[in-house]
Amino acid sequence: MSVLRVESLKASYGHIEVLHGVTLEVRADELTCLIGANGAGKSTLLKAVTGLLRHVSGEMSWDGETLVGRPAPSIVSRGIVHVPEGRRIFPRMTVEENLRLGAFLRRDRAGIAQDLERAFALFPRLRERFGQVASTLSGGEQQMVAIARGLMARPRLLLLDEPSLGLAPLLVQEIFRKLQEVHREGVGILLVEQNAFAALSIANRGYVMETGKLALGGPASELLHDPRVQAAYLGGG
Amino acid sequence: MTQRKGKAARSSSGAWRAPWGWLAFVAAAACLPLTGNSYLMGVGIYALLFSILAMGLNIMTGFCGLLDLGYVGFYGIGAYAAAVFMNTHELSFWVALPLAAALGALWGTMLGAPTLRLTGDYFAIVTFGFSELVILITRNWTSVTKGARGFPDIHKPVLFGYEFVRFNPTAFYFLALALFSLTVFVMLRLESSRLGRAWFAIREDEIAAEACGINLRGYKTLGFAIAAAFGAMGGAFYASFSGTLHWSAFTFSESVLILCMVVMGGLGSIPGVVLGSCLLVMMQEGLRPQNLAAALAPLGVPASSIPGELRWIVYGALLILMMRWRPAGLWPQKNVAAEFAEEADSAP
Ligand SMILES: Nc1ncnc2c1ncn2[C@@H]1O[C@H](COP(=O)(O)OP(=O)(O)OP(=O)(O)O)[C@@H](O)[C@H]1O
Ligand SMILES: [Mg+2]
């Protein structure tokens, strides 16, 4: 079973260091969630793992192989796929073109066709709209495109950056159910969320980040009941 | 699978569909020499030449979405390289042309690889600086380029013992048409290829493209190199056709002109870009001071009252009108047009 190991990871934008040594483990058979305040460095961590950010030091490995210094395509082809913050669909392309670009590095036509079917089975709404230009989709549909596009790369570990951003509560629930479904089909998930309660409720394991460092980590059910988490992220106390 | 609708998009069955529109266009263009009018053929040659250049620039600006303000630099490199290959090294035109294109690609790679990671505006400035540098070098490297006086008496292509002549341009016209057809063919293939999809993805959203596993720098550099190769190929043709080269043919205003053709025709749209080139070349002819003077003389307008650079005023006015009424271009790429239509609908 594959494990993503991150050890003392530091990352910076220009001269400003925003990750000051993060250590965590994400197992490909689990649904892991990462919560933390705005600006804690959650997105930065995902970008560092998937090669979108190059100024990193420390160690990251996957299947025992180092990921440090590898460019984005090489990470994607190893099965770690990033669904970036803010959807970032290809606005002037159709839903189908968006999904096919997710499979850009793959050559197995039959497998791609099969995964397209699976994506449509997961999000039937996208099948209805597959010829529609993505910029004309609703926010929720665009988020579905973003997730489905990530799945088209046939990931073993899917990193999702705030998929619930800007969605109505009902839709957030639906998206989270879909993520659980994806997880049951054998894809590891690292879910970055503001929506701490919902995320921890579906996760096996959780991490809490504070200003560039990991503050807490453990089984999600324990974090849900941890008074520090409740005070800071669950609005309780 | 549904592709972007070029004239030669693969149909949904995946079979190759012949680009009938383009075949008809080339067939019609091939009839122009029947008029026997050398002037018309001369204008036709420039329309075809600038179509080639605009299609090349369109890879960068239209397909990849990167503003290139110095495309004429590659045109100049190709022109001077071909002149040097033919005159100094006694190579035949048919060897010099592909060599010049390859040299263009090489320069495109060397310039693109380090600079394409710059963000849009900085990249545009670098390309501008590059084309100015090309002019400086052509003006001052006298031993090779003959300096500011210009490169004289460039050899003509010879085919089966027939030497092309400028004053009877039929042969040059067909050569231009052949190079044009080659360019269109390559562009249509690129547009519907994996490479094309990578470029469009980069144009739409770089971060998303990278997250899909698209190697940004690699694909951008490749696009830059291919664009440069077509610019240089156009330059090689121009060198042999015009017979002399002067640095003033490769100034910034030519880059702007080619960019106007691309924007006016429709960024990313191959037929649009060709349309834009043909229209601007024809306008340029119409607005030449002598032609204008001749046309306006019966109305009693004295030649001295016609500004020499009137064409730039007209281009400027046209661009403003276009941006107001047809912002996506005269013949836009389908999905670009859709976006503008949508914005117009949602405007208050
Ligand atoms: N491109 C950038 N250039 C400079 N600084 C950046 C950049 N992106 C992020 N930062 C800074 O890095 C820090 C961490 O940002 P990051 O986006 O990783 O936070 P986050 O935990 O994802 O926050 P949020 O929950 O608001 O998305 C912030 O202080 C932010 O200002
Ligand atoms: Mg974030």
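Residues numbered from 1 in each chain as written. Chains lettered and ligands numbered in written order. Predicted model: local features only at pLDDT ≥ 70, side-chain atom pairs only at ≥ 80, totals over all residues. Heavy atoms only, no water.

Asker: Before we go on, may I ask you to explain the overall build of chain B in this structure?
Answerer: Scanning chain B from terminus to terminus reveals 15 helices and two strands. Against the globule reference of 20 Å for 348 residues, chain B gives a C-alpha radius of gyration of 20 Å, in line with a compact fold. Overall, chain B is about 55 × 55 × 40 Å in size when its C-alpha atoms are taken along their principal axes. Per-residue burial for chain B yields a buried fraction of 52% across its 348 residues. Contacts in chain B between residues at least 24 apart in sequence constitute 75% of all its contacts with a sequence separation of at least 6. A total accessible area of about 15100 Å² is found for chain B, and carbon and sulfur atoms account for 69% of it. In chain B, 22 side chains carry a positive charge and 18 a negative one; their mean positions are 6 Å apart. (Helix = DSSP H or I, 4+ residues; strand = E, 2+ residues; numbered from the N terminus. Rg over C-alpha atoms; globule rule 2.2 N^0.38 Å. Buried < 20%, exposed > 50% of the residue type's maximum accessible area, 1.4 Å probe, protein only. Contact = heavy atoms within 4.5 Å. Areas by Shrake-Rupley, 256 points an atom, 1.4 Å probe, with all protein chains shown as cover. Lys, Arg positive; Asp, Glu negative; His and termini not counted. Charge placed at Lys NZ, Arg CZ, Asp CG, Glu CD.)

Asker: Sorry, what's going on with the domain arrangement of chain A here?
Answerer: Reports often express the size of an interface as the amount of accessible area lost when the parts come together. All names here are of chain A. Domain boundaries in chain A define domain 1 (1-79 + 155-161 + 171-237) and domain 2 (88-153). Here domain 1 and domain 2 have C-alpha centroids that lie 24 Å from each other. Each side of the interface is counted separately: domain 1 has 14 residues, and domain 2 has 13 residues. Counting each side, the surface lost to burial between domain 1 and domain 2 is near 1100 Å², with a carbon and sulfur contribution of 77%. In terms of surface lost to domain 2, no three residues of domain 1 exceed Pro 155, Ile 175 and Lys 178, which account for 38% of the buried area on that side. Along the contact surface separating domain 1 from domain 2 lie one salt bridge. Arg 118 is the partner of Glu 185 in a salt bridge, and the nearest nitrogen-oxygen pair spans 3.4 Å. On the surface where domain 1 and domain 2 come into contact, there are two residue pairs in polar contact (both at pLDDT 80 or more). Looking at the side of domain 1 that touches domain 2, the elements with two or more residues in it are helix H2 (72-76), strand S7 (157-161) and helix H7 (169-184). The greatest single-element share of the side of domain 1 that touches domain 2, amounting to seven residues, is contributed by H7. For the side of domain 1 that touches domain 2, the per-class residue count stands at nine nonpolar, one polar and four charged. (Domains from an automatic or database assignment. Buried area = accessible area lost by both parts, 1.4 Å probe. Salt bridge = Lys/Arg side-chain N within 4 Å of Asp/Glu carboxyl O. Polar contact = N/O pair within 3.5 Å; in protein donor to acceptor, adjacent residues only side chain to side chain. Nonpolar A, V, L, I, M, F, W, Y, C, P; charged D, E, K, R; others polar.)

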